[in-house]
Every structure is written in C-alpha cells, then in structure tokens.
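Here is how the chains run, residue by residue.
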Amino acid sequence: MLDQRRLPDEEVELECRSAAEVAEAIRTLAVRGAPAIGIAAAYGYALAVARGEDLEAAAATLAAARPTAVNLAWALREVQAADDPAGRARELHRQEVERCRKMSVHAAALLDPGTRALTHCNTGGLATGGYGTALGALRAAHEQGRLDHVWVDETRPLLQGARLTAWELHALGIPHAVIVDAAAGALMAAGEVDCVLVGADRIAANGDTANKVGTYSLAVLAAHHGLPFYVVAPTSTIDRETLSGEAIVIEERAPEEVTARSPARNPAFDVTPAELVTAIVTEAGVHRAPYSESLPRTMEVVR
Ligand code: MRU
C-alpha cells in the first residue's frame, strides 16, 4: 500500500507481511479513511489465511486497530464469512470504488454551477481504495463544470487536508486552497463558501454522523450561515446496530500528536447530530431526514 504517512513529500510503498503488520499500518495511519481501512483489514485477513495464521487472533488484532470507522468490522465480517477470503477482499475493494463512483454522481448533482465547496479531512481515492466519497463528488462536479473552487481544511493535528486532499486535488487539476480549520467561519461569513461536503466514519441509524474531529463545528457553522451540509458515504459506513451518535466510540489518539509541550487531549472524531445534516448521499441516492426512515430504505436498495 501507498504509505500515507509519508505523503505528500514521498510516494513510498509499504509492504505488510502479516495481519499484525496490516493492523499496525491501520493504527499508525499508513492507510486511513473508513472505506480504505475496511479494504486493508479484508486484505490483512486474507493474508492471515494464506500464511496459516491463527485466524481468530488475526481478526481480533485487525478489529482492534481503530474503533470508530464501522467499515473495519463490517469488512472483516464479510471476509470471515467467505469461502474465498482473498477473492472476497478483492471484490470488496472493487465494490467500494464502484460505490464511490455512484454516490459521487448523486452528490455532484446537488451542486449548482460555480460552486465553491468546503471540505474537511481526506475523502479521496486515498481514503477509499479509489475515487473517493466527498472528494469523489467534488471530482465529478468538476468534470461536469459545476465546481469553481475547493476550500481545504488543513485538518489538525495530522493534516489529512493539507497533506492528502491538497495532493489529490492538485493531481486532478481542481482549483483549491488550504485554510486553517479555524478560518472556515470567517470565509462563510464573507460569502465565499456555497456548501460543505464531508465523508463519514460511522453513520448511526438515526443519521447522527461520526467523522474527523472538526466536522461538527463545520456543521454548526454551516447551519448558522444557511449553507447546505452534505455527508457523502457508502452504505458500508451505515451502522444500523448503533441507534444514535451517543453510542459511537470516539477514538482517542496520543496527546503528543497535538503537542508534546503541554498536557493535551486528542479525540480523533466527533459526532454531528442528524438535524444539522442537509442530506446523506450514498451509492443508492440522496437521503433526507427523517434518516431513521430514509436510511433503512437505502439498505434495502443495496442488499
Ligand atoms: O483519521 P482518518 O484520517 O482515518 O479520518 C478519516 C475521516 O475522518 C474521513 O472523513 C472518513 O473516514 C471518510 S473517508 C471517505
């Protein structure tokens, strides 16, 4: 896999030779983004099968690598139930990219020509195994001539926006500028933002959405300024077992990622209440509130 910790300075591949090495790559963010974590875990499990590892231990190690993205547990269940785990892992990878392309078409249609969008973290091909969710939608909108500009939150503390999203947008030739996370409100107030598009790590049955820390603040700001706030994510990110955002486990990462100089706290995700989400866009289409009714219908379409 491409080692995302080294981007954008170096494009270096990381070779994982056991499920434990894949779990370590997930834990340390060499691979990150909810769908990509699921795909990596699926390949990790297939690797464990091929090497004759203890499969229960391998699955447990992979499942424990990161807690918030539901795609990890979902993808593991899929490969564990398969007769051919390697084949199922490849299929999952292909299907996630296909889902991205479909949801991107649905989401791009929501944007008016000339849109200046704001996005947070990285939701592109790097985060999904190919194409992207919110960033995929921006890519499709750009191809259709609907997108003027992307404001890229740098995404403190690990800079997935400044390092990864900016790198992907540059490669795609999409006009963009990196901003500090705290600048979003002022840009909205100045009338320089038309909408916000983000991805998700877990969407509860009622539409509450966990995503990279800072997403909730953006949703509050968008509501205050009357701007649409769209969540773009595959159905593999919807967790019907989790009834509301309160039950979502939020990953706490090492305080040193924030600062080593002072005591620090480092929650990696936050939860945006469904009432602040204008629409959730999946491969099945555009879903509106009440999400407890529209999301189950989504799952029926794709199963
Ligand atoms: O900590 P990360 O980089 O894995 O966080 C990723 C995000 O928050 C993404 O927005 C989310 O996983 C969706 S990726 C399509």
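Our next topic: the nonpolar core. Ile26 and Leu62 are the most contacted members of the largest nonpolar core, which has 28 residues in total. Residue assignment for this core shows that the elements contributing at least two residues are α1 (19-27), α2 (34-51), α3 (55-63), α4 (70-80) and α5 (85-108).

Moving on: the site of the ligand. In the vicinity of the ligand, 17 residues are found, and the nearest of them are Arg32, Ala34, Arg66, Asn211 and Lys212. Alanine 34 places a polar main-chain atom, nitrogen or oxygen, 2.8 Å from an oxygen atom of the ligand. Between glutamine 160 and the ligand, the recorded distance is 2.9 Å, taken from a side-chain N or O atom to an oxygen atom. For the ligand, the accessible surface in isolation is 420 Å², of which the surrounding protein chains cover 100%. The set of elements that each furnish at least two residues to the shell around the ligand consists of α2, α6 (125-128) and β6 (209-212).

Our next topic: the pairing of β6. Two elements, strand β5 (residues 202-204) and β6, share two bridges in a ladder whose sense is antiparallel. Within the sheet, the bridge partner assigned to isoleucine 203 lies in β6 and is threonine 209. Connecting the antiparallel pair β5 and β6 is a turn made up of four residues, with glycine 207 showing a positive phi of about 95°. With four bridges connecting them, β6 and strand β9 (residues 269-272) associate as antiparallel partners. Looking at the pairing, asparagine 211 lines up with aspartate 270 of β9.

According to the domain assignment, the protein consists of domain 1 (4-98) and domain 2 (100-294). Computed over C-alpha atoms, the centres of domain 1 and domain 2 are 23 Å apart. Interface area, domain 1 with domain 2, both sides summed: about 2300 Å², of which 52% is carbon and sulfur. Together, Arg32, Thr68 and Val70 form the three largest contributors to the area buried by domain 1 at its contact with domain 2, with a combined 26%. Across the domain 1-domain 2 interface, the total number found is one salt bridge.

The rules behind these values
Counting restarts for each chain: residues are numbered from 1 in the order of the written sequence. Thresholds applied to this predicted model are a pLDDT of at least 70 for local features of residues and 80 or more for the giving and counting of side-chain atom pairs; totals over whole chains, interfaces and linings are not thresholded and use all residues. As a rule here, side-chain values come from all non-hydrogen atoms in the structure, and water together with hydrogens is ignored. Nonpolar cores are built from buried Ala, Val, Leu, Ile, Met, Phe, Trp, Tyr and Cys residues. Side-chain atoms within 4.5 Å join them into one set. In this scheme, a residue with accessible area under 20% of its type's maximum is buried, one over 50% is exposed, and one in between is partly exposed, where area comes from a 1.4 Å probe on protein chains only. The helix count covers DSSP runs of H or I at least four residues long, the strand count covers runs of E at least two residues long, and both are numbered beginning at the N terminus. We define proximity as follows: a residue is near a molecule or strand when any one of its heavy atoms falls within 4 Å of that partner. Throughout this description, a polar contact denotes any pair of N or O atoms lying within 3.5 Å of each other; where both atoms belong to protein, one of them has to be capable of donating a hydrogen while the other can accept it, and for residues adjacent in sequence the pair is counted only when both atoms sit in side chains. Per-residue accessibility takes into account occlusion by the displayed protein chains alone, with areas from the Shrake-Rupley method and a 1.4 Å probe. Here, any two strands with at least 2 DSSP bridges between them count as paired. Note that the domain bounds were set by an automatic or database domain assignment. Summed over both partners, the accessible area lost on bringing two parts together, with a 1.4 Å probe, is the buried area. Each salt bridge in this description consists of a side-chain nitrogen of Lys or Arg and a carboxyl oxygen of Asp or Glu lying within 4 Å of one another.

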